[in-house]
Amino acid sequence: AGTTGGLAYDTANASAGRTSLLRDDLGGGLPQETAHELIAHLLGLNMGLERVPSSGGCYGQPAEPDANWPNGSSPEVGEIGFDVAEDEPVPDTSADVMSLCTPRWISPYTYNNTIDKFRLLTAAAATAGLAQGDFWLVSGLHDKVTGGTEFDPLFQLETEGSNEPGTGDYSIEVRDTGGGVLFTRLFNVDTVRREDEGAEQPADATVGRFAELVPIQAGAAKIVVLSGTDEVGEIVLGGATPVVQLTSGITSATLPAGAPPLPVFSWSVEDGDSAQHSFWLELSKDSGATWTTIAPRYAVNALTVDPALVGGGAGLLLRIRASDGVNTGIAVSEPFNLQLQAPQGAITAPSSGSGFDPSDLVWLQAGVVDAEDGFLDGASVQWSSSRDGSLGTGASLPVYDLAPGSHTITMTAQDSDGHDLADSITITVSGGPSGDPHLWGDNDCDGEITSRDNQALSRKILAQAPLSQTQPCPGLGDVVTVSGIGDKQWGDLDCDGEITSRDNQAMLRKVLQQAALSQTQPCPVLGDAVTTVAANAAGGTRWRGS
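What counts and how
- Residues numbered from 1 in each chain as written.
- Predicted model: local features only at pLDDT ≥ 70, side-chain atom pairs only at ≥ 80, totals over all residues.
- Heavy atoms only, no water.
- Phe/Tyr/Trp six-rings, centres within 6.5 Å; stacked < 30°, edge-to-face > 60°.
- Helix = DSSP H or I, 4+ residues; strand = E, 2+ residues; numbered from the N terminus.
- Lys NZ or Arg CZ within 6 Å of the ring centre and 35° of its normal.
- Salt bridge = Lys/Arg side-chain N within 4 Å of Asp/Glu carboxyl O.
- Buried < 20%, exposed > 50% of the residue type's maximum accessible area, 1.4 Å probe, protein only.
- Pairing = 2+ DSSP bridges.
- Disulfide = S-S within 2.5 Å.
- Axes fitted to C-alpha atoms, helices over the stretch in contact; angles between N-to-C directions.

(A) Quick look at the packing of aromatic side chains. Applying the stated criterion across every chain, the model contains seven aromatic pairs. Between the aromatic rings of W69 and Y109, the centroid separation amounts to 5.6 Å while the plane-to-plane angle is 80°, which identifies the pairing as edge-to-face. Separated by 40 residues along the polypeptide, W69 in the loop between α2 (35-47) and β3 (81-83) and Y109 in helix α3 (residues 108-126) bring together distant segments of the chain. In this structure an aromatic cluster arises from ring pairing among F151, Y170, F187 and F210. Note that R319 overlies the ring of W291, its terminal NZ or CZ placed 4.1 Å from the centroid.

(B) Spatial organisation of the pattern of salt bridges. According to the stated counting rule, one finds ten salt bridges in the structure shown. Among the ionic pairs, R175 bridges to E231, the shortest N-O distance being 2.9 Å. One end of the pair, R175, is in strand β10 (residues 170-175); the other, E231, is in strand β15 (residues 230-236), and 56 residues separate them in sequence. Taking the shortest distance from any N to any O, the salt bridge between E282 and R319 comes out at 2.8 Å. Separated by 37 residues along the polypeptide, E282 in strand β18 (residues 278-284) and R319 in strand β21 (residues 313-323) bring together distant segments of the chain. Across this residue pair, the class does not change: E282 and R319 are buried. Among the charged side chains, a salt-bridge network with shared partners connects E158, E282, R319 and R321.

(C) Region of interest: the sheet that holds strand β25 (residues 355-356). Strand order in this open sheet of five strands is β25-β32-β31-β28-β29, and the pairing throughout is mixed. Whereas interior strands pair on both sides, the edge strands pair on one side only; in this sheet they are β25 and β29 (389-393). Two elements, strand β28 (residues 381-385) and β29, share four bridges in a ladder whose sense is antiparallel. Within the sheet, the bridge partner assigned to W383 lies in β29 and is G392.

(D) The state of the cysteines, seen in detail. In this structure the tally under the stated criterion is one disulfide. Note on cysteine connectivity: C58 is disulfide-linked to C101, with sulfurs 2.0 Å apart. The chirality of the disulfide connecting C58 with C101 is right-handed, given an S-S dihedral of about 95°. Here the residue C58 occupies a position in the loop between α2 and β3, and C101 occupies one in the loop between β5 (95-96) and β6 (104-105), the gap between them amounting to 43 residues.

(E) Region of interest: the sheet that holds β15. If you walk across this open sheet you meet the four strands as β11-β10-β14-β15, and the pairing is antiparallel. The open sheet terminates on both sides in strands that have one partner only, identified here as β11 (181-187) and β15. Across the sheet, the mean angle from the axis of one strand to that of its neighbour is 20°, orientation sign disregarded. In terms of strand pairing, strand β14 (residues 222-227) meets β15 through six bridges, oriented antiparallel. What sits directly across from L226, in β15, is E231.

Okay, structure coming up:
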């Protein structure tokens, strides 16, 4: 219901406009808290979750912490979590997301409560009886001490709302000229929640916001708000309806050279009994079949329509609703066109410069949004590696088998009208070439051929255990190139095309007895320098360098 109450009020004002929050003014300085933790905290409050106890050095101690919190006075989650994006465990000493501490993690207790709340909210939404129709948006502030109510301007909206009576301790009654009740809506007044709300800075429980969509009733003369049976505010209907006069013009003063001009709309209001007006602006991209709010409770009588914010298209319409506090006047623009927009976004994980071990999870993530299409995903978002080629599609793509070495990871996105976006990062997978020579038979790549190489080979051949080696180093079975001889498998010391116990024996003879190496020719001699190449015979990874 516009900008009053609920997520639009709490979450947007508190955190959605930030990338991070740094609180240096509390407890001698606190660690940086990212916006997603704060949003999760505020969403929990909006869903009806209670805060858990906090400790010293946090934003504060909740005035009334959750009495059922299982960890006593500690905000710690109490169980090890795992952060898939960071590929690391989260210690049980992390604070719960519903505490006033940082950094935050979600405990099993809060997670289960959240799931339960979702089930309740989903069940309630399924039975809400929403329908398209004409509604009054009745909203404002109610002071529980003085009993006074301050109303926002009343708007008439064509939207989806409920015709049900609702529940709560307060009510809105629509009455006719004789005082008869035409419609009743029960509701509750919500206390506005804050991040730093706690024992030191308690919430102002005396003032609450409310916002209700009430179906418009023929013959209505008054809208009355009641607390129980006590009337605490009223809106008297009647008077002149504002008449909106709309003009439009074109300007390019603030645009880069060569950019198409943006449409600028302005309007005036004629009203016989009011000089103050508030505006509600809507945009339609389907000739008026559907409308999207782009500026609720707008105070200025001019608007530049920026396609970067609303999206482009042909035959768009702008609708202006002007409220004098009681009545609503409407004007609709002539059709106009806006340039179609390219998607915006970036790779969000991993961060450029990250390093990984072979077979690690590399979780590729991107946030891409298009003004016309919304968030892009699936085949619209594609990933590739400078070393491995195409990796897959989707805004979130887990990859486990990147080849060792340096990778330039590129994300490309394309919207439905063919506009493209690209972003790249560089990551490194250990085990890749360093440019140093590799010696044939030096299986741990420490620059010498010793008994350690025999042991490394034995572990791999006989026990199938991992090969302990100094990185970067080819893995057993990777193809290497010997000048004048050709491609050979790293670790195949007798060059018979297989890595077997014979290779282990060959190494023993050379390392321990200094005996001649019996091998299938042509084959490198222990200690020969080899050069790694691009792809092995199986189509997997080869090594590049010397």
